[in-house]
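Summary of the model geometry
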Amino acid sequence: SALTGAPLRHRAADLAENAFCRDLLAGLSKSPRSIAPKYFYDAEGSALFDRICELPEYYPTRTERRILERHGREMAAVMGAQAELIEFGAGSLEKIRVLLRAFDAHALPRRYVPIDISAAHLEEASRRLHADCPWLQVRPIAADYMKEAQLSALDDCTGRRVGFFPGSTIGNFDSDEALAFLRLAARLLQGGGLLVGVDLVKDPQTLHRAYNDAQGVTAAFNLNLLRRANVELGADFDLRQFAHYAFYDPRRCRIEMHLLSRCAQTVRVAGHDFSFAEGESLHTENSHKFTIEGFRKLAASAGFRPGPVWTDEARLFSVHWLES
Ligand code: AVI
């Protein structure tokens, strides 16, 4: 407080309203333990993710970028002129720059609405984009795009709406969530469509390397979740006592990321104790890989009409236009 100079951090009442706190406590109480990957993205986590995107082993970002560069004009054509362009989980607003370059001057989007859960990161990235493209109306929404109640600002977008969902973030959902997201997007984008990036099934070695990089950036990204819990929730995770563990499960066509306890230990989170056995896991992320046909079927089951698909020569990654 102002009188004592000591900040009133981590008060129980404040924490009870905190979604990260609620979900982490629930996830630690389950067996097996898990937490939604959206909690990776505090400012530090978003910065680490940006570094992952630059890694030599992490092929999705640069492959998708090349597909956008090569086929951007065809994508701009299906997205149409003067659209309301809405990006889900917009991150650092880098990929939209590639797409914007592909539009003719008269056909540029009338407005760009990036939605992201990482408020400070979004604010800063929006300011930078607007400085570089002063002709573009940028209207960021700091929200969880899975929560429709947080998206009421979209009511202002009365023109033809088109969505952009790059990076294969769709792969981080389980199948129910992916379907729920696509259904929500199909409804929000009625009369327009969604341009979505989808990582493809491929040889396990390439996949394994992409999530086990030599510099350990992915490990730091995974462990940052615990650092975030320490900072925001006053938890006492010892980061040296947890190990990054990522592997490809070919049966489920997905990378799984875990944090494994290196020893038997008890951690305290918001007044609750959790005991980990040696080797016990906190499951932090799934990253599903798709076949082109499998993804088109999923999109169709959510109410989209699957349109053109663009891919790279090695068929590492795909970008789909879905009409709604
Ligand atoms: C954001 N998302 C698509 C990334 C992925 O590949 O699943 C997150 C990530 N996790 C580890 N590396 C990158």
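See the structure shown above.
Remember, predicted model here, so these are calculated numbers, not experimental data.

The next thing to look at is the packing of aromatic side chains. Two numbers describe a pair of aromatic rings. These are the distance of the centres and the angle of the planes. Considering all chains together, one arrives at 21 aromatic pairs under this definition. These aromatic residues form a ring-pair network of at least three members: Phe40, Tyr41, Phe49, Tyr58, Tyr211 and Phe221. The side chain of arginine 33 reaches across the aromatic face of phenylalanine 276, ending 4.5 Å from its centre. The positively charged end of arginine 228 is found above the aromatic ring belonging to phenylalanine 20, 4.6 Å away from the centroid.

Quick look at helix H9 (residues 217–233) now. Compared with an ideal rise of 1.5 Å per residue, which puts 17 residues at 24 Å, H9 spans 24 Å between its outermost C-alpha atoms and is within 8% of the ideal. Burial analysis of H9 places 12 of its 17 residues in the buried class, the great majority of the element. Trailing H9 by a residue or two, glycine 234 shows a phi angle of about 65°, which is positive.

With mixed pairing, the 7 strands of this open sheet are ordered in space as S4-S3-S2-S5-S6-S13-S12. If you trace the sheet from one side to the other, it starts and ends with strand S4 (141–142) and strand S12 (305–311), each paired once. Two strands pair when backbone bridges link them, and strand S6 (residues 193–199) and strand S13 (residues 317–323) are joined in this way by 7 bridges, in the antiparallel orientation. Across the sheet, residue glycine 197 finds its bridge partner in S13, namely valine 319. Across the face of the sheet, helix H4 (residues 59–79) comes into contact with strand S2 (84–88), strand S5 (161–165), S6, S12 and S13 while running at roughly 30° to S13. Contacting strand S3 (111–116) and S4, helix H6 (residues 119–132) crosses the sheet at an angle of about 160° to S3.

Thresholds applied
Residues numbered from 1 in each chain as written. Predicted model: local features only at pLDDT ≥ 70, side-chain atom pairs only at ≥ 80, totals over all residues. Heavy atoms only, no water. Phe/Tyr/Trp six-rings, centres within 6.5 Å; stacked < 30°, edge-to-face > 60°. Lys NZ or Arg CZ within 6 Å of the ring centre and 35° of its normal. Helix = DSSP H or I, 4+ residues; strand = E, 2+ residues; numbered from the N terminus. Expected span 1.5 Å × (residues − 1). Buried < 20%, exposed > 50% of the residue type's maximum accessible area, 1.4 Å probe, protein only. Pairing = 2+ DSSP bridges. Contact = heavy atoms within 4.5 Å. Axes fitted to C-alpha atoms, helices over the stretch in contact; angles between N-to-C directions.

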